[in-house]
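Notes for the structure review
Each chain, letter by letter, is given below.
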Amino acid sequence: MDLSNPMREVYWNITGKNLMYVLLVPVLVAFFRGFYSKYRLWKIGRPTRRRDNWRRRLAGFFRGAVVQEKNFRDRYSGWMHFFIWGGMLVLFIGTANVALDEYLGVPTMEGLFYLYFQSLVLDVFGLLAIVGLAMALYRRYVVRPPRLHRTPQDAVFLGLLLLVLVTGFVIEGLRIAVTEDPWAAWSPVGWAFAAAFRATGMAAETMVGLHRFSWWFHLALAFAWIACVPYTKLTHLVTSPANIYMRSLGPKGRLEPINLETAEFLGASNLRHFTWKQLFDLDACTECGRCQDACPAHATLKPLNPKAVVLDLRDYMHEYGPLYLRRAQDDPWAAPAETPDGRPVPVMVGAVIAEDALWSCTTCRACMEACPVEIEHVPAIMDMRRFLAMDQASMPEGMADAIRSLETRGHPFRGTGGARTDWLQGLDVPVLDLSAGGGTRGAAGGAGADGAGPDADFDVLWWVGCAMAFDERNQKVARSLARVLHRAGVRFAILGNREKCTGDAARRIGHEYLFQTLAGENVATLNQALGNGRPRRIVTACPHCYNTLKHEYPDFGGHYDVVHHTEFIRELVDSGRLKLDGEVRETITFHDPCYLGRYNDVYDAPRKTLKDLSGAEVREIERARESSFCCGGGGALVFVEERIGTRINQTRARQAAETGARTVCTACPFCMTMLADGLKTTSGDEVQALDLAELVDRATAPAGPAAVGAGTGASPGDGSR
Amino acid sequence: MNIVVCLKQIIDYEIPPRAFRIDRQKKKPAMPDASLVIGPFDENALEVALQLREKAGGGRITAVSMGPESAIEALRKALAVTADEAVLLSDPAFSDLDPFGTARVLGAAIKKLGGADLVLTGRQSGDWDAGQVGQLLAEELGAPCVNFAFRAEPGGDGRVRLYKETPGGAEILEAGTPVVATVTNAETNQLRLAKVRDLMAANRKPVPTWSAADLGLDPAALAAGRIEVLDLYVPTYDARCEFVTGETPEDKASALARRLVELKLV
Amino acid sequence: MPGIVIVATAEGQGTNPAALELLGGGAGLAKALGCPLEAVLVSGSGTDPAGPAAKLFAGGARRVYSVRHERLGNGSPEAALEALTAACRRAEPRVVLFSADRLGLEVAPRLAHRLGGSMITDAVALEVRDGDVVATRPAFGGKAMEQVAARATPQVVTVKLRALEPAALDESRSGELVEVPVDLDPGVDRVKLVERVEEAAEGPKLETARVVIGGGRGVGGAENFKQLEELARVLGAALGASRAAVDEGWVPASWQIGQTGKAIASDLYIAVGISGASQHTAGISGVKTIVAINTDPEAPIFERAHLGVVGDHKAVVPALTARLKELLGK
Ligand SMILES: Cc1cc2nc3c(=O)[nH]c(=O)nc-3n(C[C@H](O)[C@H](O)[C@H](O)COP(=O)(O)OP(=O)(O)OC[C@H]3O[C@@H](n4cnc5c(N)ncnc54)[C@H](O)[C@@H]3O)c2cc1C
Ligand code: SF4
Ligand code: SF4
């Protein structure tokens, strides 16, 4: 043995190693067959493009699948998972290196590479993998967090993996003990195992025999484990990274439009109606339960659990998907009705996924934000809602009322027959007159007042939004914003009665038809209003309008430069047009509206402005920024009576109150409605909900410093009463 | 069974008093931007018809509306919830008819349709709220009339079983055909939402328009109304809250009680 | 000479209370027009019309046409229509006044049609202008009022309850009782009663009640709703609530009024301890008159209310109940 060239004999003590290749054949057959049958199931779905833009995809792949940023949001799970998969990957590379050495003559098993990588690194990572597994077992079986459910499968494959790792070290230890490997110290764990074997006083022949047995045993276990991959949740080893690569690159807030003229089905009521990527999603789930933990509906005991939606659909696909593969005779889009042995196939929407579950979703996107493997729950839930809303015309009563009102009145608030311009009584808010000939800019005292023509002098079109225009509490916010805009010298105008609901409510209910009708009307109006002259921006105080105008109208020919009022106010402050001189002596916490934060990544603008308020103390709420807890009003649920479980808005109100802040600042009319209601119930008049615009109104009021009064939240500067 | 449902398109009944405007000269509401909707009880009537057709396992529903061109929207909505046919009755001679005139026109249309087994209308329109047309239509057709119906089912021998709301509860009645029923709201008869497929099909369906000439009606005779509106105005007590005053809560309560009696509210 | 004819129904030895209001209002018209005031009395076969007719004479009717038939007792509008047509053909009235109750609502328009006359429903005031009887009636859910005159005779009018001052009774007055034979062929009644379902629930239904009392969080407890019940009994009102009160478990969910509750369309709504959130007022857009009782003068409900009391309901409501009892003579 040449002591100057570190190495070891590959396949020491093993005879008939070629048997290994014979055994590998069925393993590979099982592996590829498994994935092939899955591939056939995914292909039941409709086509969609997910391979464009590979640079962005690779970058996201690196962050999601290699660095695994999202996994590390929870430190323990992050490291645990990193140890296991990192260990597995390194050991796999080590094994591959053996093959390189053996068949291609790459000298991986000698020299410094052998010492540092094949011995030391492999040993350390093997140990880390064991540590990771121990952490996993401890958490799953001792800590038992509710987000993890325990199936026998988990125990089997965790145990199997542990055995593979331990037998690996046993083999190494025995080899070192028998061959008295001079480089044993480079394999510290193997060395320790060797020391242990020697300490037992075992005879060398026994060790040789044991080594040979362990080697084959280890091989068999490892092969069994590989064969299991496509049949257990280990599938995610392959599917999760692929899913991250194929994630949606579109704006987060954009739902895929349906071409209603050509559509052969509406929404999704069976597997054929999903895209192949939506079916692929189901097999990419790691069952980690992060989405479940994030979900406000699940937290308040609704029958919705995003993890269960994914897993129930997955199980349905695995069990009944093969029946879909036989071509349906008459309707190519229909689901199979029964199994070959005559059992009925359960209906996907209604039985597999309960309607109540679908209607509990606030579309807050917390699940998608939490999911480490980029599964797209919300579009899937929305597709099933679309089926219910459009094909079945079935939805909760409050939503049906909103639809009825939208159909006839262009806004979703039943019973609020007033004019859109009622809120601006007494304020100088110019209303654009888009009728032929237009008009000149003038102070509008209400409906039918003189308006400004499309050629009028304005830089910013303020999209008021239905909630701001019709809801009494939010009208105050609109009035505050009007004052703030005036103080900053912004030349703005509103559309008055020509504004219709953007259709967000209709779209999130699932009524794409109504949404597209409204979108068409609004795009025509906006294109007329913004058409000629210099480029103009749209500012809106409603994150739902913001999201729809910005990300969804482009699909219908409306391309606009849209800012949310929190961003716009920030710009005005930064450019010195707005001076926050007035004192606002308050402890404030900021509630991130889902459609502003998670959907559009606006987190810092409102926070900066709050910090700039003199006298104000800002405290962070539990579940802030990307993990914000929904107010309960998204997805048109603001129109629905929450009858099941506890109230989402009360849960959020309690979280807000726990900060000790007396003011909960938000920037969305639905959040305002929900939080004001929740706070009233949970903390009486102690804590108030205010919109950022109202605080800024206070800070910019010429009257000077004034404390924000508790109660209804009306600003003293508000001339409305 | 042939069912005819009469629908009226009206100005949005949810407009609050403070936003309600009229043109006193024309004696008409003046809110050009207001939404137009189907009268609420007419919607109930349509739902009653749809449920009857389901229970009977068949039948034909024809929606009829007398009104301006815009009323076609009301009829499209009826088609969208699967009314089988719709007819618009529109003619300059039909504008501003009193209930007698309206009933005459509707009656002529129903006769032109070949008659009906059951004619449903709302108990009142939801705008002028006269509450007459259904009953007058019964007279035009020589049919009996059941008022305040909220549900209809097929009865024995081709009769119709009608559920009528009464102050003390309900009556179940059986009527021979033809019969007219005016419909009131109940938990069971809120108009369903349309399925999108039906909505889209409704937009493509032709809706014939019949004029006075088509119905063989003499415009001059129609114009001779039986009533005349002398004035239309917005009552002033609606304008703002009148606060009842008094030293003690008891005084205020007494003052309130007196006002309620004076205003004939109790 | 064609006169003013009011329609009365026999109730025991007297008539329906509204008949006296019609006589009171009718007398004014008769005087202004210089024509007689008469009545049609509808009664079932069991009753002797003499008693009720005497009441009508005392109330100012000079002649009473009595129509009597066993099938007039059971509320069948078809039978009433036949009988009233016969009576009016005999009386040849210029004006026929009905009360806007079920009989009036169900029969008056068809009677007008049969008599070739005109029809005005839901009058709240009657006056004579240039020799015409002009009726004032609400339209558009009470958001507007219209004044209507007839251009065909007889002029049939239904009058809202309590719109007219009842006639003072003068027992010394008498008149002529004319029996009008009615011949109702049972075969012509094409609508047959199969079953009558009486509602177990006490009090009127929320959706159709004429008067509704709503309680909110400000009511402060289930036991305080008892006071509202008391008031409701006096007014014959239905009880409703805001969601806050439902949520507190004070009242059943079926009481909830608003966006996600019931929509009401009463003539009168009394909101007690309700702030008037738009989700609540969404359910009261059909109400004609809103009264609010609230401690907070700034509560948004006062923006919707027609009459307001700023005060604690615990003091106001019992006092109101007591006072109304006196005024309504209950
Ligand atoms: C999605 C959604 C749907 C909703 N749907 C509905 C609905 O359908 N119906 C509904 O009602 N609400 C609904 N709400 C709730 C609504 O927003 C309000 O929270 C609710 O109506 C408030 O009820 P309230 O007026 O009784 O309570 P509060 O707003 O708390 O008002 C109580 C009032 O009582 C007064 N008060 C207190 N003490 C007294 C006293 N001793 N005497 C007199 N007055 C007193 C106070 O001044 C105050 O004005 C909904 C909310 C949401 C978010
Ligand atoms: S979008 Fe929000 S409410 Fe819907 S499933 Fe995901 S986390 Fe739950
Ligand atoms: S969907 Fe995503 S977050 Fe939810 S359990 Fe599966 S992998 Fe985890």
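Criteria and thresholds
- Residues numbered from 1 in each chain as written.
- Chains lettered and ligands numbered in written order.
- Predicted model: local features only at pLDDT ≥ 70, side-chain atom pairs only at ≥ 80, totals over all residues.
- Heavy atoms only, no water.
- Helix = DSSP H or I, 4+ residues; strand = E, 2+ residues; numbered from the N terminus.
- Buried < 20%, exposed > 50% of the residue type's maximum accessible area, 1.4 Å probe, protein only.
- Contact = heavy atoms within 4.5 Å.
- Areas by Shrake-Rupley, 256 points an atom, 1.4 Å probe, with all protein chains shown as cover.
- Lys, Arg positive; Asp, Glu negative; His and termini not counted.
- Charge placed at Lys NZ, Arg CZ, Asp CG, Glu CD.
- Near = heavy atom within 4 Å.
- Nonpolar A, V, L, I, M, F, W, Y, C, P; charged D, E, K, R; others polar.
- Polar contact = N/O pair within 3.5 Å; in protein donor to acceptor, adjacent residues only side chain to side chain.
- Domains from an automatic or database assignment.
- Pairing = 2+ DSSP bridges.
- Axes fitted to C-alpha atoms, helices over the stretch in contact; angles between N-to-C directions.
- Core = buried A, V, L, I, M, F, W, Y, C linked by side-chain atoms within 4.5 Å.
- Buried area = accessible area lost by both parts, 1.4 Å probe.
- Salt bridge = Lys/Arg side-chain N within 4 Å of Asp/Glu carboxyl O.
- Phe/Tyr/Trp six-rings, centres within 6.5 Å; stacked < 30°, edge-to-face > 60°.
- Lys NZ or Arg CZ within 6 Å of the ring centre and 35° of its normal.
- Disulfide = S-S within 2.5 Å.
- Parallel < 35°, antiparallel > 145°, perpendicular 65-115°, else oblique.
- Left-handed = near helix turned anticlockwise from the far one by under 90°.
- Expected span 1.5 Å × (residues − 1).
- Patch = residues over 30% accessible without salt bridge, like charges linked within 9 Å, V, L, I, M, F, W, Y side chains within 5 Å.

Things to note about the overall build of chain C
- What chain C contains, in helices and strands, is nine helices and 17 strands.
- Each principal axis of the C-alpha distribution contributes one length, and for chain C these read about 60 × 50 × 35 Å.
- Looking at chain C residue by residue over its 330 residues, the buried ones come to 59%.
- Relative to all contacts within chain C whose residues are 6 or more apart in sequence, the contacts with residues 24 or more apart total 65%.
- Carbon and sulfur atoms make up 50% of the accessible area of chain C, which totals about 12300 Å².
- Counting 35 positive and 39 negative side-chain charges, chain C places the averaged centre of each group 2 Å from the other.

Re the site of ligand 3
- Around ligand 3, the surrounding shell holds 13 residues, and the nearest of these are C285(A), C288(A), G289(A), C291(A) and C371(A).
- Its residues assigned to classes, the shell around ligand 3 comprises seven nonpolar, three polar and three charged.

Some remarks on the site of ligand 1
- As a structural note, the neighbourhood of ligand 1 is formed by 30 residues, with V638(A), R217(C), S242(C), S275(C) and N294(C) the closest of them.
- Around ligand 1 the close residues trace back to chains A and C.
- Contacts to ligand 1 include S275(C), whose side-chain N or O atom sits 2.7 Å from an oxygen atom.
- Relative to its unbound accessible surface of 970 Å², ligand 1 loses 89% to contact with the protein.
- Elements represented by at least two residues in the shell around ligand 1 include exactly α25 (669-683) of chain A together with α6 (243-247), α7 (278-281) and α9 (313-327) of chain C.
- Of all the elements, α25(A) adds the most residues to the shell around ligand 1, at four residues.
- Classifying every residue of the shell around ligand 1 gives six nonpolar, 17 polar and seven charged.

Brief notes about the domain arrangement of chain C
- By the assigned domains, chain C splits into domain 1 (4-188) and domain 2 (211-328).
- Between the C-alpha centres of domain 1 of chain C and domain 2 of chain C the distance comes to 36 Å.

Details of the sheet that holds strand β15 (residues 268-272) of chain C
- The sheet built from six strands is open, its strands ordered β15(B)-β17(C)-β16(C)-β15(C)-β13(C)-β14(C) with parallel pairing. Each edge of the sheet is formed by a strand with only one pairing partner; in this case those strands are β15 (242-243) of chain B together with β14 (238-241) of chain C.
- Along the sheet, helix α5 (residues 225-235) of chain C contacts β13 (211-215), β14 and β15 of chain C; its crossing angle with β13(C), the most-contacted strand, is approximately 175°.
- Here α9(C) sits on the sheet in contact with β15, β16 (289-294) and β17 (307-310) of chain C, set at roughly 130° to β16(C).

So, the nonpolar core
- Among the nonpolar cores identified, the biggest contains 172 residues, and M384(A), M395(A), W423(A), W462(A), L526(A) and L613(A) are the most heavily contacted of them.
- Among the elements that make up this core, the one with the highest residue count is helix α12 (residues 306-324) of chain A (nine residues).
- For M395(A), the residues in contact, after removing those within four places along its chain, are W359(A), A389(A), A400(A), I403(A), I509(A) and L193(B).
- Core analysis: the second largest hydrophobic core is formed by 49 residues, L7(B), A83(B), A175(B) and L191(B) among them.

Observations regarding helix α9 (residues 276-284) of chain A
All names here are of chain A.
- Most of α9 is tucked away: nine of the nine residues are buried.
- Residues W276, K277, Q278, L279, F280, D281, L282, D283 and A284 constitute the buried set of α9.
- On the buried face of α9, the contacting elements are α1 (19-42), α8 (236-245), α12 and α15 (377-391).

Here's the deal with the interface of chain B and chain C
- Taken together, the 77 residues of chain B in the interface contact 78 residues of chain C.
- Buried surface at the junction of chain B and chain C, both sides included, amounts to about 6800 Å², of which 57% is carbon and sulfur.
- For the chain B face of the interface with chain C, the top three residues by lost area are E139(B), R226(B) and V266(B), together amounting to 10%.
- Across the contact surface, chain B and chain C share six salt bridges.
- A salt bridge links R114(C) to E139(B); the shortest N-O distance between them is 2.7 Å.

Describing the packing of aromatic side chains
- Enumeration over the complete set of coordinates arrives at 34 aromatic pairs over all chains.
- Note on F72(A) and W79(A): the rings are 5.1 Å apart at their centroids and 80° apart in plane angle, and the pair reads as edge-to-face.
- Judged by its relative accessible area of 23%, F72(A) is partly exposed.
- By relative accessible area, which is 42% here, W79(A) ends up partly exposed.
- Here F225(C) and W255(C) contribute two aromatic rings whose centre-to-centre distance is 6.2 Å and whose plane-to-plane angle is 65°, an arrangement assigned as edge-to-face. Within this pair, whereas F225(C) is found in helix α5, its partner W255(C) is found in the loop between α6 and β15, the two being separated by 30 residues in sequence.
- Taken together, the ring pairs connect F72(A), W79(A), F82(A), F83(A) and W85(A) into an aromatic cluster.
- Between R151(B) and the ring centre of Y163(B), over which it is positioned, the NZ or CZ distance is 4.2 Å.

Structural notes on the domain arrangement of chain A
- Split by domain assignment, chain A resolves into domain 1 (24-29 + 53-245), domain 2 (271-338 + 345-394) and domain 3 (404-718).
- The gap between the C-alpha centroids of domain 1 of chain A and domain 3 of chain A is 54 Å.

Here's the deal with the sheet that holds strand β10 (residues 160-166) of chain B
- If you trace the 10 strands from one edge of the open sheet to the other, you get β13(B)-β7(B)-β6(B)-β1(B)-β8(B)-β12(B)-β9(B)-β10(B)-β11(B)-β12(C), paired in mixed fashion. Strand pairing shows two members of the sheet lacking a second neighbour, β13 (209-210) of chain B together with β12 (191-198) of chain C, which therefore form its edges.
- Inspection of the sheet shows strand β7 (residues 85-89) of chain B paired to β13(B) by two bridges, in the parallel sense. Residue pairing in the sheet places L88(B) in a bridge with T209(B) of β13(B).
- Strand contacts of helix α1 (residues 40-56) of chain B: β1 (2-7), β6 (60-66), β8 (118-122), β9 (145-154), β10 and β12 (179-183) of chain B, with the helix running at about 30° to β9(B), the strand carrying the most contacts.

Examining the state of the cysteines
- Considering all chains together, one arrives at zero disulfides over all chains under this definition.
- Cysteine C630(A) remains unbridged, with the sulfur of C594(A) as its closest cysteine sulfur at 3.9 Å.

Things to note about unusual backbone geometry
- In this model, T177(B) is joined to P178(B) through a cis peptide bond whose omega is -5°.
- Residue N53(A) is not a glycine yet carries a positive backbone phi of 55°.
- Inspection of the secondary structure puts N53(A) in the loop between α1 and α2 (54-66).

Describing the packing of helix α5 (residues 152-179) of chain A against helix α6 (residues 188-200) of chain A
Residues and elements named next belong to chain A.
- Across the interface, α5 lies against α6 with an axial gap of 7 Å and an inter-helix angle of 65°. Comparing the axis directions of α5 and α6 gives the class roughly perpendicular. Considering the relative orientation of α5 and α6, their crossing is right-handed. Across the interface between the two elements, F169, V170, E172, G173, L174, I176 and A177 from α5 touch V189, G190, W191, F193, A194, F197 and R198 from α6.
- For the contact of α5 with α6, the residue count by class is 10 nonpolar, two polar and two charged.

Some remarks on the interface of chain B and chain A
- The interface is formed by 23 residues belonging to chain B together with 28 residues belonging to chain A.
- Across the interface of chain B and chain A, roughly 2000 Å² is buried in total on both sides, 49% from carbon and sulfur atoms.
- Summed over the shared surface of chain B and chain A, the result is one salt bridge.
- Across the pair R409(A) and D12(B) runs a salt bridge whose closest N-O atoms are separated by 2.5 Å.
- Along the contact surface separating chain B from chain A lie seven residue pairs in polar contact (both at pLDDT 80 or more).
- Those elements that provide at least two residues to the side of chain B that touches chain A are β5 (36-38) and α5 (196-204) of chain B.

What to know about helix α7 (residues 204-228) of chain A
All names here are of chain A.
- If you check α7, its first and last C-alpha atoms are 36 Å apart, about what 25 residues at 1.5 Å a residue would give, namely 36 Å.
- Looking at α7, one finds that the buried residues are M207, H211, S214, W215, L219, L221, F223, W225 and A227.
- Tucked inside the fold, the buried residues of α7 contact α1, α3 (75-104), α5, α6 and α8.

Remarks on the side chain of D127(B)
- Take D127(B): it is sitting in the loop between β8 and α4 (133-141).
- Take D127(B): its relative accessible area is 5%, and that puts it in the buried class.
- Separated by 3.0 Å, the side chains of D127(B) and K8(B) make a polar contact.
- Once you skip the residues sitting within four places of it in the chain, D127(B) turns out to touch K8(B), I10(B), A139(C), F140(C) and G141(C).

As for a nonpolar patch on the surface
All names here are of chain A.
- Side chains of Y76, Y138, V142 and V143 sit close together on the surface and give an oily, nonpolar patch of about 370 Å² of accessible area.
- In terms of residue count, helix α4 (residues 111-143) provides more of the nonpolar patch than any other element does, three residues in total.
- Mapped onto the elements of the fold, Y138 is located in helix α4.

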